[in-house]
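# Summary of the model geometry
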Amino acid sequence: MTTTAGTAHDVHQAPTGGGGWRGLLLRGGLLRGAWMFVAFGGLGFGLVVLARWGGGWHPILATEPLVLVAALVTAPIGFLAGIGAFDYWAYYAMGYPTRAEDHSGHGAKSWRDYLRVNTDHKVIGVQYLVTTVFFFLAGGLLALLVRAELAKPGIQYFDPQTYNGLFSVHAALMIFLFVIPAFAGLANFVVPLMLGAADMAFPRLNALSFWLLPIAGIMMLSSFFMPGGAFACGWTGYATLCSSHQPIGAIFFNQGVQWAGASSIMTALNFLVTIITMRAPGMTFWRMPLLVWANFTTSLLVVIATPFIAGSQFFSMFDHVMHTSFFNPVGGGYPLGYQHIFWFYSHPAVYIMMLPGFGIMSEVISVFSRKPIFGYRLMALSLMAIVVLGFSVWAHHMFVSGMSSWLRVPMMITTLLIAIPTGIKIFSWLATMWEGKLHFRTPMLFALGFLSMFVIGGLSGVMLGAVPIDIHVSQTYFIVAHIHYVLFGGSVFTIFAGIYYWFPKMTGRMYDERLGKLHFWLTFVGFNLTFFPMHILGTEGMPRRVADYLPKFADLNMFISLASFGLGASVIVFLYNMITSWRFGEIAPANPWRGMTLEWQVTSPPPIFNFDEIPQVVGSPYEYGVPGAQHAVLAPSKAREMEEVPV
């Protein structure tokens, strides 16, 4: 595939919007987004004032409904309209003639194209990743502030309410604005290429789903500047903790989750339609790379589960702003109902944050072991088993909540059962590496780091699935250790592996391998020094979610805090490597890792429309070491070129 692919479509002509200041203000982009943000915010403000005046409600200028409607609903909609996210649909809805598609909003010719609405799945993937790394840094900074407070007993820098806000926003950013969308970004770039498709099924919806993310993240960070401070009731936002006694920042959490959830649902629907309908000829489900399988099953989880957390946040917001009683026991509400609804989403969400990482591991381990994936079909079926079982274990988060005691035992059994399909994957990866020709490049190091860290997190998860142990350590730092071994040692390690693995394909440049390995070892050592001692603190009884603690826990907490700053410093190496390599790195070949999946059979970076001709899939994507094995047949000129590449 040559770099001229897609040139027949690549008119890349900016839409006309008139000249001068008038044209600049009316043309879709960040400038129009800014003034429409203000205009729509003012419209929302006026609607609330008018409605309260007409209804005889006092005070007319009530802060909470004004902020909710004007700042958190209408103003973001105005911003989206301003940047052009709705232009095509609005043009169609108003009955104008169908416009010829000149692809002016597709592909990137310069860095400015990443700052506008773009329909190219590859550009959107990079937009996702850069945005999520920003929120990763913001969430990490909040974590360091938490550890600074916990370095010594007593209140050092923050009062308890501010401290609660720090760890609440930290966790919300890491989950809703980093881990989940970072996987979506990697998949956005890679999955259409792996399928042999020119783009995602719904490119404009794909672009819109990205632009919802910065809105959600800015909402959560903005809560710190509200009267009373940020939302301070944990990333779970439990109704009794996050009710009307909390400051207005709690509403920012409710709405931030809604915007992030809407983005997830749009993205998941797009993946499902793309995977089902846009596979290249010959690519049956049993020939799809396991990353595609992982994103297919993840998308099923998102579409089924995310509406539940949306409902819980709507009800919680209504209780806070409109003084309803969905979860308020004083008004006859059912506070435990919030936890059931929330965890019915949030336990599947653990697998939403893990299954794409499983797919990345399958790609990385197979390529750098030079061996076919062991038990390919069983690996795919185990992903489907996790989807089914993931909805049957939610109440193990509620063993100490006061729910019906009879529910504990069946939930304990299903919690232990779900370890079986996960265990299948662990042993399949180990079998894939067994007697393989291992290449310890940076992606492989992060894959091995993931394997070891996730096993530790999984073992502590099995322990917590047992009712007696869970009751003993439920509110302690043992839980903090467990969730970080699962989500940092699991998800974040796989995200780093994926970024390093596909960095040459995304940028057309090679990263610095020495800096990549340095980043891995600093991360691996810093992570274990930070979080493993928390198991000890938890079993000794140190409670979580507290700004102060007994002096007997002081030494370990000081050690953890020092280690956490070392872990934070490791990210500097990553950022330096990515930025300098993107600008000055060695030019990347089309297939630096000698992979067999389709994304490695086009240039780095890929052409705007991916393929000159639709590839014909003829075999498995993992048949390393099999003489004459091919995954797909490309155009004749490309086939001859690939035959010359040594394997």
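Quick look at the overall build of the protein now. Helix and strand counts for the protein stand at 20 helices and two strands. At 25 Å, the protein has a C-alpha radius of gyration in line with the 26 Å of a compact globule built from 647 residues. In terms of overall dimensions, the protein has C-alpha extents of about 75 × 65 × 45 Å along its principal axes. Put simply, the protein has 647 residues, and 56% of those count as buried. Partitioning the intrachain contacts of the protein with sequence separation of at least 6 by distance along the chain shows that 79% fall at a separation of at least 24. As displayed, the protein has an accessible area near 26300 Å², and 70% of this comes from carbon and sulfur atoms.

On to the packing of aromatic side chains. Under the criterion given, the structure shown has 60 aromatic pairs. On the numbers, 5.6 Å between centres and 75° between planes, the contact of Phe-358 with Phe-454 is edge-to-face. Of this pair, Phe-358 sits in helix 11 (residues 355-369) while Phe-454 is found in helix 15 (residues 442-465), placing the two residues 96 residues apart along the sequence. Of the two residues, Phe-358 and Phe-454, neither departs from the other in class, the shared state being buried. Arranged with centres 6.0 Å apart and planes meeting at 70°, the rings of Phe-368 and Tyr-501 form a pair that is edge-to-face. Of this pair, Phe-368 sits in helix 11 while Tyr-501 sits in helix 17 (residues 477-507); the two residues are 133 residues apart in sequence, bridging distant segments of the chain.

The next thing to look at is the state of the cysteines. A complete count under the given rule lists one disulfide for this structure. Disulfide pairing places Cys-233 opposite Cys-242 at an S-S distance of 1.8 Å.

Many structure descriptions define interface size as the accessible area lost when the parts assemble. Entries for the protein in the domain assignment read domain 1 (14-94) and domain 2 (118-584). Placing a centre on the C-alpha atoms of domain 1 and another on those of domain 2 gives a separation of 32 Å. Contact residues are listed per partner, giving 17 residues for domain 1 and 15 residues for domain 2. Surface buried jointly by domain 1 and domain 2 totals about 1400 Å² across both partners, of which 85% is contributed by carbon and sulfur atoms. Where domain 1 packs against domain 2, one counts zero salt bridges. Our count for the domain 1 to domain 2 interface comes out at two residue pairs in polar contact (both at pLDDT 80 or more). Those elements giving two or more residues to the side of domain 1 that touches domain 2 turn out to be helix 3 (63-83) and helix 4 (87-93). No other element matches helix 3, which puts twelve residues into the side of domain 1 that touches domain 2.

With that settled, the discussion passes to the environment of Thr-162. Looking at the element boundaries, Thr-162 is found in helix 6 (residues 160-195). Classification of Thr-162 as partly exposed rests on a relative accessible area of 32%. A sequence separation of 66 residues divides Thr-162 from Gly-228, and the C-alpha atoms of the two residues are 8.8 Å apart.

This brings us to the packing of helix 2 (residues 30-55) against helix 3. Where helix 2 meets helix 3, the closest approach of the two axes is 6 Å, and the angle between their N-to-C directions is 145°. Seen along the crossing, helix 2 lies across helix 3 with a hand that is right-handed. Per-class residue counts for the contact of helix 2 with helix 3 are 17 nonpolar, six polar and two charged.

Given a rise of 1.5 Å per residue, 36 residues ought to cover 52 Å, and the 51 Å separating the end C-alpha atoms of helix 6 matches this to within 8%. A bend of about 35° at Ala-187 is the largest found in helix 6. With respect to burial, helix 6 is a largely interior element, 33 of its 36 residues being buried. For helix 6, the capping residue at the N-terminal end is Asp-159, with a side-chain oxygen 3.0 Å from the backbone nitrogen of Gln-161. Positive phi shows up at Gly-196, right after helix 6, with a value of about 80°.

About the cut-offs
- Residue indices begin from 1 for each chain and proceed along its sequence in written order.
- Since the coordinates come from a predicted model, pLDDT governs what is reported: local features require at least 70, and pairs of side-chain atoms require 80 or more to be given and counted, while whole-chain, interface and lining totals use all residues.
- To get the side-chain values, take all heavy atoms of the structure and skip hydrogens and water.
- Each helix is a run of H or I in the DSSP string that is no shorter than four residues. Each strand is a run of E no shorter than two, and both are numbered from the N terminus.
- Note on method: radius of gyration uses C-alpha positions; expected globular size equals 2.2 Å times residues raised to 0.38.
- Partly exposed describes any residue whose relative accessible area lies between the buried limit of under 20% and the exposed limit of over 50%, with all areas from a 1.4 Å probe on protein chains only and scaled to the type maximum.
- Any two residues having at least one pair of non-hydrogen atoms within 4.5 Å are treated as being in contact.
- Here, Shrake-Rupley sampling with a 1.4 Å probe gives the accessible areas, and only protein chains in the shown set may cover a residue.
- Note on ring pairs: Phe, Tyr and Trp rings are taken, using the six-membered ring of Trp, and paired if centres are within 6.5 Å. Classes follow the plane angle, with under 30 degrees stacked, over 60 edge-to-face and the rest tilted.
- Cysteine sulfur atoms are paired as a disulfide whenever they come within 2.5 Å of each other.
- The start and end points of each domain follow an automatic or database-based domain assignment.
- Values labelled buried area give the accessible surface lost by two parts on being combined, using a 1.4 Å probe and summing over both.
- Within this document, salt bridges are pairs made up of a side-chain nitrogen of Lys or Arg and a carboxyl oxygen of Asp or Glu, the two lying within 4 Å of each other.
- Any N or O atom pair separated by 3.5 Å or less is treated as a polar contact, with the protein-specific requirement of one donor-capable and one acceptor-capable atom, and with residues adjacent in sequence counted only for side-chain atom pairs.
- Every axis in this analysis is a line fitted to C-alpha atoms, fitted for helices over the stretch in contact. Angles between the N-to-C directions lie between 0 and 180 degrees.
- A clockwise turn of the near helix away from the far one marks a right-handed crossing, whereas an anticlockwise turn of less than a right angle marks a left-handed crossing.
- Residue polarity follows a fixed list, in which Ala, Val, Leu, Ile, Met, Phe, Trp, Tyr, Cys and Pro are nonpolar, Asp, Glu, Lys and Arg are charged, and the others, Gly among them, are polar.
- A helix's residues, less one, multiplied by 1.5 Å, set its expected span.
- Consider a residue and the seven residues that end there alongside the seven that start there; fitting an axis to each set, the bend is the angle between those axes.

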